[in-house]
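Residues per chain are reported as follows:
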Amino acid sequence: MKYIVGARGSQLSVAQTNLVIEQLKKANPDAKYEIKTITTKGDTDSRPLFTIDQKGIFEKEIDRAVAQKEVDFAVHSLKDVPSELDENLTLACIPKRETVNDVFISPDGSSLDSIKSGSVIGTSSLRRAVQVSRKRPDVTVKPIRGNIETRIKKASGENYDAIVLAKAGITRLGVDVKYTELSTDDFSPSPGQGAIAIVARADDSETIEMLKKIEDSDSRLEIEAERALSDFVDSGCRFPVGAYAKSNGTEMTLTVTAFSVDGKQSLHVSKTWRQQTDHTSCS
Ligand SMILES: NCc1[nH]cc(CCC(=O)O)c1CC(=O)O
C-alpha cells in the first residue's frame, strides 16, 4: 500500500515527517510513503503570531487535504493543531514525544540570566515574551517571524541579540547552534510542545491501524491532558499559558502556569493523578 503524506514545506516539517516515515517503515515494512508538501497561511502571513486572530494557521490547509482525500494523513507539530479538529478527522497517532523545553539561543553563548541588560530578544510567542520579561525586565522583547533556520540567522544579525525556540525543533533539524536549555520550573512550555500529531480521516480504519503501530501511550496521555487544559482556558497564540504533563504509566502530573497579558500576574498549579488516589497541590 502507498500512502500520500501531507506536510508543510518548512525544513522542520519535512524533517519531522521523514522521522515519522522512518518509524512507520520499520513498523510496516511493505508500505510505501510519499510526502506532499502544502503551503499554509502561517507560511505566507508574516505578521507576529499574536496579531493573527485565527487558529490553525499552520495546519488548516493540510487537514483539508486529508478530509478531501488528497492525502492519506498529515504530520503536524501538535502545538500547531487547534484543540477542535474537523469532525471527520482524528488525532490518529502521537509518536514518542521530544523534550518539551524551550531553549535560549545567543551567538555569544549568553543565557537568559547572563545576557547583558538592554539586549533584544526575539520571539513571536506571547507565552515566551511574558516569561522573558518577568525574568529580565531590563531586556527588550521584539517579535520575530520566519522558520527556525531563518530565526537562528536573525539571532546573529543586527536586530536581535538572542531568540527563544523549542528544543524539539532544534533537535529534529539537527541544527548545530549554541543554546542554553530553559528549565520547565521557571519557563513553562507551550501545551503540546515537542509532540508530533498525525491526523487521519476518522473512518479510515486501515490507515489508523497502520499509524497506531508507532503510538506512544505516555505521550498520548500527556498531550490529551495539555490539550484539555488549553481548550478549557481557551489559550492559543493570544493568551499566555504554559502547560506540560508528565506520565510514566502509573501516574501523571500536569503543571500549568497562566499569565496576565502584561505579565504582572501569574497562577501556577500542579496536580498529580495516580491510579489509586488523586493528590492536588496548588501554589
Ligand atoms: N510553528 C512554530 C513551531 N511549531 C513547532 C515548533 C517546534 C517543535 C515542537 O514544538 O514540536 C515550532 C518552532 C518553535 O516553537 O520553536
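Residues numbered from 1 in each chain as written. Predicted model: local features only at pLDDT ≥ 70, side-chain atom pairs only at ≥ 80, totals over all residues. Heavy atoms only, no water.

Named according to an unreviewed UniProt entry, the chain is Probable porphobilinogen deaminase originating from Marine Group I thaumarchaeote SCGC RSA3. Here is the UniProt Catalytic activity (unreviewed entry) comment for the chain, exactly as written: "4 porphobilinogen + H2O = hydroxymethylbilane + 4 NH4(+)". Under the Sequence similarities (unreviewed entry) heading, UniProt states for the chain: "Belongs to the HMBS family." (UniProt positions renumbered as here; feature names shortened; annotations may be inferred.)

How would you explain the pattern of salt bridges if you had to name every residue and give the values?
Applying the stated criterion to the full structure yields 16 salt bridges. Taking the shortest distance from any N to any O, the salt bridge between Lys2 and Glu34 comes out at 2.5 Å. You can see Lys2 sitting in strand S1 (residues 2-7) and its partner Glu34 sitting in strand S2 (residues 32-37), a full 32 residues away along the chain. Exposure remark for Lys2: the relative accessible area of 46% places this residue in the partly exposed category. A salt bridge links Glu226 to Arg97; its shortest N-O distance comes to 2.7 Å. Placement of the pair is Glu226 in helix H8 (residues 217-233) and Arg97 in the loop between strand S4 (89-93) and strand S5 (102-105), with a sequence separation of 129 residues. Grouping residues by exposure puts Glu226 and Arg97 together as buried. Residues joined by salt bridges that share partners form a network here, namely Arg97, Glu222, Glu226 and Lys246. (Salt bridge = Lys/Arg side-chain N within 4 Å of Asp/Glu carboxyl O. Helix = DSSP H or I, 4+ residues; strand = E, 2+ residues; numbered from the N terminus. Buried < 20%, exposed > 50% of the residue type's maximum accessible area, 1.4 Å probe, protein only.)

Provide a residue-level description of empty space enclosed by the protein, including the pertinent values.
Applying the stated rule across the entire model yields 1 cavity of 30 Å³ or more. In terms of lining residues, the largest cavity is bounded by Arg8, Ser10, Leu12, Ser13, Gln16, Phe58, Glu59, Val75, His76, Ser77 and Asp80. Broken down by secondary-structure element, the contributors of at least two residues to the lining of the largest cavity are helix H1 (11-27) and strand S3 (73-77). Here the residues of the lining of the largest cavity sort into 3 nonpolar, 5 polar and 3 charged. (1 Å grid on protein atoms, 1.4 Å probe; cavity = no way out; pocket = protein on both sides within 12 Å on 5 of 7 lines; lining within 4 Å. Points joined across faces, edges and corners; volume = space filled by probe spheres on them. Nonpolar A, V, L, I, M, F, W, Y, C, P; charged D, E, K, R; others polar.)

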